[in-house]
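# What the coordinates show
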Amino acid sequence: MEKTPFSLVSDSLVTLPGRLGNPNFELRTDPRSDPRMVAAMAAFNLDGLTAPSPVSPRDPLEDRLKFLAAAESGFEALFAGLMAELPPVPGILHSTEMITGVDGNDIMLYIHRPKGESTAALPGVLHIHGGGMTLLSTSGPVYSRWRDELAATGMVVIGVEFRNAASVHGPHPFPAGLNDCTTALEWVHSNRELLGISKLILAGESGGANLALATTIKAKRNGRLKAIDGVYALVPYISGAYGWSDEDKAREFPSLLENDGYFINCSLNEVIASVYDPEGINTNNPLCWPYWATSDDLADLPPHVITVNELDIFRDEGLSYYRKLAQAGVNVTGRSITGVCHAAEVMFRKSMPDMYLSTIHDVRAFANRV
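My aim in this report is to walk through the structure given alongside it, one point at a time. (Residues numbered from 1 in each chain as written. Predicted model: local features only at pLDDT ≥ 70, side-chain atom pairs only at ≥ 80, totals over all residues. Heavy atoms only, no water.)

## Considerations on the packing of helix α4 (residues 141-152) against helix α14 (residues 353-369)
It is the contact of α4 with α14, at a shortest axis distance of 9 Å, that shows an interaxial angle of 60 degrees. Put simply, α4 runs oblique to α14. Handedness of the crossing formed by α4 with α14: right-handed. Contacts between α4 and α14 involve R145, W146, E149 and L150 from the first element and Y356, L357, T359, I360 and V363 from the second. (Axes fitted to C-alpha atoms, helices over the stretch in contact; angles between N-to-C directions. Helix = DSSP H or I, 4+ residues; strand = E, 2+ residues; numbered from the N terminus. Parallel < 35°, antiparallel > 145°, perpendicular 65-115°, else oblique. Left-handed = near helix turned anticlockwise from the far one by under 90°. Contact = heavy atoms within 4.5 Å.)

Here it is as structure tokens:
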């Protein structure tokens, strides 16, 4: 039978969304796309479909690492361009702290706090940057700006420069980055008084959301949950399902097909996943891929916020994790942003400032109520 983009539901024809309904759709032609996002991406020739990865998980690790180094340079150039010409966030003090990880490695912490004479303790955020646990730096322009904007709402924000599975901070596959985030959590928790922190939430986007969720699960296993007052996970990258068959994707996470190629694609993320877990022995390990957490892993966790974006390939795994948390009895809030691609609320400070700042202030509101 010939495939069709329509299905019969309650005697009505329903068009499937995105590339499930029209495989010729691109970011610029999908009618769901926010025009402001399209214009911002067009400036970097990213308003079409992203090209498939030239390497696969079956290629030598050296070739995959070389490709990902080039990809990292491209992402950093994009982020620098998106942040260019923005005035600095006023009234922010910056400092650094070098701590030692459990593997004997150095971990740099970047600390942002609002200027002022108040001696009252402020909410704290341990921020974990995105990049699939494999790419990018916490000192990059997008993430430095993000922490400044959070600090400007009246919080102390600490960014952790964890070891990546590739890039200039790699190659250190799982569990190196998780170990570093756990060390950072324990240091910040032990130094709440020194830092002037009243409560502490973990926050991260994409791969940073993976590490925030995994750090929380690990803290529970280690009897250290008291260190975490809440978790804010934006557009989480948590399933490892990017090399699955189309049939399996359609059954479990249709957004992997629906939005494939909108800013990022499954091809790239299959390679990223293969570098994060090179032996493929942690496919169902929730410390590597939190989607696979059991109800026992999730029970009694602190409050969570899980955010998803309509045009993100990772949307459905984030929704699934939200439902798992709710079913496990966790106090969880879901937040969905319409019309935008992966990580839009972190990237588009200039072109979509209301969306960007509403997210910043939602993190602050979450810190207030936990």
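## Quick notes on the environment of P353
Its place among the elements puts P353 in helix α14. With a relative accessible area of 29%, P353 lands in the partly exposed category. (Buried < 20%, exposed > 50% of the residue type's maximum accessible area, 1.4 Å probe, protein only.)

## Let's talk about the pattern of salt bridges
One pass over the structure, following the stated rule, counts 18 salt bridges. For D30, the salt bridge goes to R32, with nearest N and O atoms at 2.9 Å. A relative accessible area of 19% places R32 in the buried class. A salt bridge links D248 to R251, with the shortest nitrogen-to-oxygen separation between them at 2.9 Å. Residue D248 and its partner R251 are both found in helix α8 (residues 246-252); the two are separated by three residues, about one turn of the helix. Assessed through its relative accessible area of 27%, D248 is described here as partly exposed. The class of R251 is exposed, set by a relative accessible area of 55%. Connected through shared salt-bridge partners, D30, R32, E258, R315 and D316 make up one network. (Salt bridge = Lys/Arg side-chain N within 4 Å of Asp/Glu carboxyl O.)

## Structural notes on helix α2 (residues 35-42)
Along α2, the residues that are buried comprise M37, V38, A40 and M41. Take α2 and look down its axis: the buried residues cluster within an arc of 165 degrees, on one side only. In α2, the exposed positions that point more than 90 degrees away from the buried face belong to P35 and A39. (Arc of directions from axis to C-beta.)

## Here's the deal with the pairing of strand β9 (residues 304-309)
The buried fraction of β9 is high, at six of six residues. Where burial is concerned, the two faces of β9 agree: the one with H304, I306 and V308 and the one with V305, T307 and N309 are both buried. In this sheet, β9 lies alongside strand β8 (residues 230-234) in parallel orientation, the contact comprising four bridges. Each bridged residue has a counterpart across the sheet, and for L234 the counterpart in β9 is T307. Of the strand pairs in this sheet, β9 and strand β10 (residues 332-337) are connected by six bridges, and their pairing is parallel. (Pairing = 2+ DSSP bridges.)

## Concerning the sheet that holds β9
Across the sheet, which stays open at both edges, the eight strands sit in the order β3-β4-β6-β5-β7-β8-β9-β10 with mixed pairing between neighbours. This sheet does not close on itself; its edge strands, each paired only once, are β3 (92-100) and β10. Each strand axis lies, on average, 20 degrees off the axis of its neighbour in the sheet, ignoring direction. Here strand β4 (residues 106-114) runs beside strand β6 (residues 156-161); their pairing, made up of five bridges, is antiparallel. Bridging across to β6, L109 finds its partner in V160.

## Focus: the side chain of K199
On the secondary structure map, K199 appears in strand β7 (residues 197-205). Among the polar contacts listed, one links the side chain of K199 to the backbone oxygen of A367, at a separation of 3.1 Å. Separated by 3.1 Å, the side chain of K199 and the backbone oxygen of V370 make a polar contact. Residues within four places of K199 in sequence aside, it is in contact with L122, P123, G124, R192, D229, A367, N368 and V370. (Polar contact = N/O pair within 3.5 Å; in protein donor to acceptor, adjacent residues only side chain to side chain.)

## Quick word on the nonpolar core
The biggest cluster of nonpolar side chains holds 114 residues, and the ones touching the most others in it are M37 and F348. For F348, the residues in contact, after removing those within four places along its chain, are M37, A40, M41, L82, C341, P353, M355 and Y356. (Core = buried A, V, L, I, M, F, W, Y, C linked by side-chain atoms within 4.5 Å.)

## A look at the packing of aromatic side chains
Per the stated rule, a full pass over the model turns up 16 aromatic pairs. Measuring from ring centre to ring centre gives 5.4 Å for W146 and Y356, while their planes differ by 85 degrees; the resulting arrangement is edge-to-face. Taken together, the residues span a long stretch of sequence, with W146 in helix α4 and Y356 in helix α14 at a distance of 210 residues. One exposure class covers both W146 and Y356, and it is buried. Relative to Y242, the ring of Y237 lies with its centre 5.0 Å away and its plane at 5 degrees, an arrangement referred to as stacked. Of the residues examined, Y242 reaches a relative accessible area of 1% and is grouped as buried. Positioned over the ring face of Y291 is K324, at 4.1 Å from the centre of the ring. (Phe/Tyr/Trp six-rings, centres within 6.5 Å; stacked < 30°, edge-to-face > 60°. Lys NZ or Arg CZ within 6 Å of the ring centre and 35° of its normal.)

## Here's the deal with the packing of helix α3 (residues 61-83) against α4
The interhelical angle for the contact between α3 and α4, taken along N-to-C directions, is 45 degrees, at an axis separation of 8 Å. Classed by the angle they form, the pair α3 and α4 counts as oblique. Residues E76, F79, A80 and M83 of α3 form the contact with α4, whose own contacting residues are P141, V142, Y143 and R145. Classifying every residue of the contact of α3 with α4 by side-chain character gives six nonpolar, no polar and two charged. (Nonpolar A, V, L, I, M, F, W, Y, C, P; charged D, E, K, R; others polar.)

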